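Reading the structure
What follows is each chain in one-letter form.
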Amino acid sequence: MLAALFPVALQSQATGVIYGTLRDTAGRPLTAALVRVAGTELSTRPGPDGVYRLPDVPAGVVTLEARALGYRPARDSTTLAAGDSARIDFTLAVEVIHIPPDVFNLEPIVVTAGKREQSLHDVIASVAIVADSQIARRAVTSLDEAVDRAAGVQMLNGQINIRGSTGYVQGLGSRVLLLVDGVPMNQGDRGGINWDLLPVDNVERVEVVKGAGSALYGSAALGGVVNLITRDIPDDAHARVRLIGGNFAGPPHDVWKFRSSTGLEGGADVTASWGRDPFRGALSFGARHSDGYRQQDEHDHWQVAAKGQYRLDPVTRLDVSGAWASDQYLVPLAWCVRGQCDDRGEAYQPFMVDTSGLGDHTVSDKGYATAVVSREPSPNLSWLARASWLRTDFTDYQRAGNDFGIANRFGGEVRGVVHPDHGRVVTVGGEVAYSDVTSDIFGVHTQAEYAAYGEGEHALGGARLTTGARIDFLAVDGGGLTAVVSPRLGVVLSRGRDVWRASVGRGFRAPSLAERFVTTFVSGIRVVPNPNLMPEDAWSGEIGVARPFASDRARIDAALFWTEARRLIEPAFSSSPLQIQFQNLARARLAGLDLSIAAVPLTSRLSTTLAYTYLYARELAQDTAPARPLAFRPRHLLTLSADYSLGAASLGADFRYSSRFERVELYETDPRVAAKVLDLRAAWRHGPLAAHVLVSNALNYIYNLVPRTLAPVRTITLAITWTY
Amino acid sequence: MRLCVAVAAALLVACNGGLGPTPAPTSCPTNFTGICGTVTIRGTTPESTDVVYVVAYQTFPQSRGELFDFFPRLPNQPATVSLADSTYFYTLGIPNGRYDWVLAVWKKVGNLTIANADSLLREAGYYKRTDADTSLYGAGIVVVNSIGTDSINFVIDFDNMHPVSFYFPAAAVRR
């Protein structure tokens, strides 16, 4: 009877547990690694924090082997008593090796596509990864600049588009969900994204999951999900200082000059950390000032961020993190056209603003705090519980009158991942979110979201089949519940060296409180609320294939995608009564090809990547309105990158081409051009010091992507990083 | 190496173009669909001026409710008139079609509603063929046919503006 009730307990009497960490000599956790009990098939991979755990190890003298690509293997032994546990930590030294083709090819591990760790080639959706090395070599000052060069991604004045998902709606209602370490961070009032929430230097990598992700993430994951994954905290004491400085090129034509001096920018980030189990902690401070590259473009930014980990026992961990950022910036309004400024006889002055808006500025504070308890009681079961709070607070100081908005978004989630047997994984969870806003233009309102989700992955021969669904209940101001069901179905099939994937799923976005309740004036016309707005939704599907070629030196990934969206929320103008109101208006179709080729490295010194997206984006005919191109979507988006290494130094370049938008809004007859931007970079490393120079928009190509808003001009940035 | 040079050269060529200085137009731009012309500004500009627009109606509005059925369709922005000089060459991008009424609308500072349109808006001048009779409309029909229709010239006279009630008395439903 007891044996039937407690089989695990009896089994454990003949075995024990070995756990520990895998790190490199700098203390960084090694995740793409393997720990194996010598002479057996018992093995495991460490988690993202480098911690591994091997249960059911036969008692006695045990020898462990640890391997990671690019590191010298290590062995260690211990005596393990039955029912006991032992700890073995490995520190692996870098080893220069030649990898024979077809021998060992470690795919990156991603955590966003399935709300759990997966090898990239097991994922049913397309995923783009921006590693910290890419962020560092681009010497960027904000995270949107880092994400902007990811395959299939385009930022429009801070608004992210994945395969043309959002277009440009002036910061309202992003159709992409932002996560920080898996925690949703879209604003509680406007539904937009604050890319300056986190210090750039704190981000280890960015995962961009393309296509509808609402089956796991719910609202806002209509076009995709972006997860900012922060750095783990290494053993012992470490510090990191990043100094950044730069200057903006002046206008390339005298008739556009607007100031006599050169625009400068500069800033510093300092991070200190200390780690020794069971406690680890990190604290960051940063500040930045920019003169901007156009008139009325000055910006000051301060931030603080902290992260802590407490390991309650070998399988249970508490993670807390938070950040606060404060920004003060002048508001660069639409550029001035003839008669609105000192136009010097020009039709428009792209570096100058309408004099009627001079002096307008914004103060914006934002911060978040999260706590996550995660536990892995057995290799077959893990769970986590999290709570989060996001707060945003802005005041727009304008001649016509000030506006303000204070919003909170509280969130909570419980999630479990079960491996019932080899070849099956089940993820289940529940999530709640509560948003409130107090604002002179959005009013005082609340929105609650309750959700439950489940997804299962099953091995079927050479294929892995994924099915799942999520149900969300939405309530505004304590009113009735609106239910939204988001299913997803996908399959991954390995055929020789090709990995095929296909998926179809539903995405949705609940209207933001701002879209429902905004009451203001735009261009002198009243904007009225629409409390009856419905969620917008889309069915999205893709078929993709990934294959290595050129003796495994290169990898091609191609995907055909298709999205059928309906009830898209757009501002609608009415002449009688005279007003603007957000309404569920448009049906749209977005389809195309997403292609990326990476040769990393192509030769021993040269790495190159190519990413191309072809996009067909149409607003479908409805009632008397004819079909037309969706505004602010490029038909062609191309990114070329190359990096050449010369020992401690390296040189690189990015080229981004975005075809001319077929249609824009507000100023349809304004001149517009394709975007052709060349970035050059160089890096040098010596011990703990690294210097990166970036010349972005090196040819000072003058263009705009959103109406009458000049895109960044040539900017030379130097970033010096010291790591202890 | 040759490949790198070729790629670099291709990029340099590709990066030609972009936006450049554009002198204020004095005639309809090429590849432009809409109307263009010169407005001559007379009278004293009111201190309460917010903006002066040029707009076009396909059909003369029949009621106050149709006041905002002009082209370009809102929320696209109408052409604005610079008041810095006594003449101003405007370009108004509008789709192909026949337009009954092309006019300048003076707007006073303030937020607009149908209710306060009478106090915030004035007709400040409109296009009328020089050989036309004195009727208020019908004498200034403009046809746009895939090019810029030029020389749609008229006068803005701030001393002789007409409120909405001039065209649509408050009690009248149709004019």
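It should be emphasised that the depicted structure is a prediction, and the values quoted were computed from it without experimental measurement.

Enumeration according to the criterion identifies 21 aromatic pairs over all chains in this entry. Summarising the aromatic geometry, the rings of Tyr52(A) and Phe90(A) are spaced 6.5 Å apart at their centres and angled 40° between planes, so their arrangement reads as tilted. Within this pair, whereas Tyr52(A) is found in strand E4 (residues 51-58), its partner Phe90(A) is found in strand E8 (residues 90-92), the two being separated by 38 residues in sequence. Residue class for Tyr52(A) comes out buried when judged on its relative accessible area of 1%. Among the aromatic side chains, those forming a connected cluster through ring pairs are Tyr57(B), Phe60(B), Phe68(B), Phe70(B), Trp101(B), Tyr126(B), Phe166(B) and Tyr167(B). Directly above the ring of Tyr667(A) sits Arg708(A), whose terminal nitrogen or CZ lies 3.6 Å from the centroid.

What follows is about the sheet that holds strand E11 (residues 162-163) of chain B. All names here are of chain B. The strand order E3-E2-E6-E7-E11 describes an open sheet built from five strands, whose pairing is antiparallel. Looking at strand neighbours, the two that pair on one side only are strand E3 (79-80) and E11, the edges of this open sheet. Across two bridges, strand E7 (residues 121-126) lies against E11 in antiparallel orientation. Its bridge partner lying in E11, Glu 123 is registered against His 162.

What follows is about the nonpolar core. Membership of the largest hydrophobic core comes to 38 residues, with the highest contact counts inside it found for Phe442(A), Val55(B), Tyr57(B), Phe68(B), Trp101(B), Leu103(B) and Leu121(B). Contributing elements (two or more residues each) for this core: helix H6 (513-517), strand E34 (525-528) and strand E37 (578-599) of chain A together with strand E2 (49-57), strand E6 (101-108), helix H2 (117-120), E7 and helix H3 (164-167) of chain B. The element best represented in this core is E2(B), accounting for four residues. Residues contacting Phe442(A), with those up to four places away along its chain left out, are Asp189(A), Arg190(A), Phe394(A), Val437(A), Ala514(A), Phe517(A) and Val518(A). With 31 residues, the next largest nonpolar core counts Ala146(A), Met155(A), Ile160(A) and Ile162(A) among its residues.

Residue and element names in this part refer to chain A. With 96% of its residues at a pLDDT of 70 or more, chain A has an overall mean of 89. In the model, residues 1-12 has pLDDT below 50 throughout and makes three contacts with residues more than four positions away in sequence or in other chains. Predicted confidence for residues 97-105 stays below pLDDT 50, and this span has nine contacts to residues more than four positions away or in other chains.

Taken together, the contacts link 36 residues of chain A with 32 residues of chain B. Around 3,100 Å² of area is buried between chain A and chain B when both sides are counted, 63% of it from carbon and sulfur atoms. Counting the contacts that link chain A with chain B gives zero salt bridges. At the boundary of chain A with chain B, the tally comes to seven residue pairs in polar contact (both at pLDDT 80 or more). Among the secondary structure elements, those contributing two or more residues to the side of chain A that touches chain B are strand E23 (335-337), E34, strand E36 (554-575) and strand E42 (675-686) of chain A. Taken together, the residues of the side of chain A that touches chain B sort by class into 20 nonpolar, 10 polar and six charged.

Below, the discussion takes up the state of the cysteines. By definition, a disulfide links the sulfur atoms of two cysteine residues through a covalent bond. In total, this model carries two disulfides over all chains according to the counting rule given. Cys336(A) shares a disulfide with Cys341(A); S-S distance 1.8 Å. Each member of the pair, Cys336(A) together with Cys341(A), is buried. Paired through a disulfide, Cys28(B) and Cys36(B) show a sulfur-sulfur distance of 1.9 Å. Disulfide Cys28(B)-Cys36(B): torsion about the S-S bond near 115°, hence right-handed. The pair formed by Cys28(B) and Cys36(B) is uniform in burial state, with each residue classed as buried.

Residue and element names in this part refer to chain A. On the surface, Leu 243, Trp 684, Leu 689, Val 693, Ile 716, Leu 718, Ile 720, Trp 722 and Tyr 724 cluster together into a nonpolar patch covering about 800 Å² of accessible area. In terms of residue count, the dominant contributor to the nonpolar patch is strand E46 (residues 715-723) (four residues). Tracing the backbone through its elements, the reader meets Tyr 724 in the segment after E46. For Tyr 724, a relative accessible area of 54% translates into the label exposed.

About the criteria used
- Residues numbered from 1 in each chain as written.
- Chains lettered and ligands numbered in written order.
- Predicted model: local features only at pLDDT ≥ 70, side-chain atom pairs only at ≥ 80, totals over all residues.
- Heavy atoms only, no water.
- Phe/Tyr/Trp six-rings, centres within 6.5 Å; stacked < 30°, edge-to-face > 60°.
- Helix = DSSP H or I, 4+ residues; strand = E, 2+ residues; numbered from the N terminus.
- Buried < 20%, exposed > 50% of the residue type's maximum accessible area, 1.4 Å probe, protein only.
- Lys NZ or Arg CZ within 6 Å of the ring centre and 35° of its normal.
- Pairing = 2+ DSSP bridges.
- Core = buried A, V, L, I, M, F, W, Y, C linked by side-chain atoms within 4.5 Å.
- Contact = heavy atoms within 4.5 Å.
- pLDDT = per-residue confidence, 0-100.
- Buried area = accessible area lost by both parts, 1.4 Å probe.
- Salt bridge = Lys/Arg side-chain N within 4 Å of Asp/Glu carboxyl O.
- Polar contact = N/O pair within 3.5 Å; in protein donor to acceptor, adjacent residues only side chain to side chain.
- Nonpolar A, V, L, I, M, F, W, Y, C, P; charged D, E, K, R; others polar.
- Disulfide = S-S within 2.5 Å.
- Patch = residues over 30% accessible without salt bridge, like charges linked within 9 Å, V, L, I, M, F, W, Y side chains within 5 Å.
- Areas by Shrake-Rupley, 256 points an atom, 1.4 Å probe, with all protein chains shown as cover.

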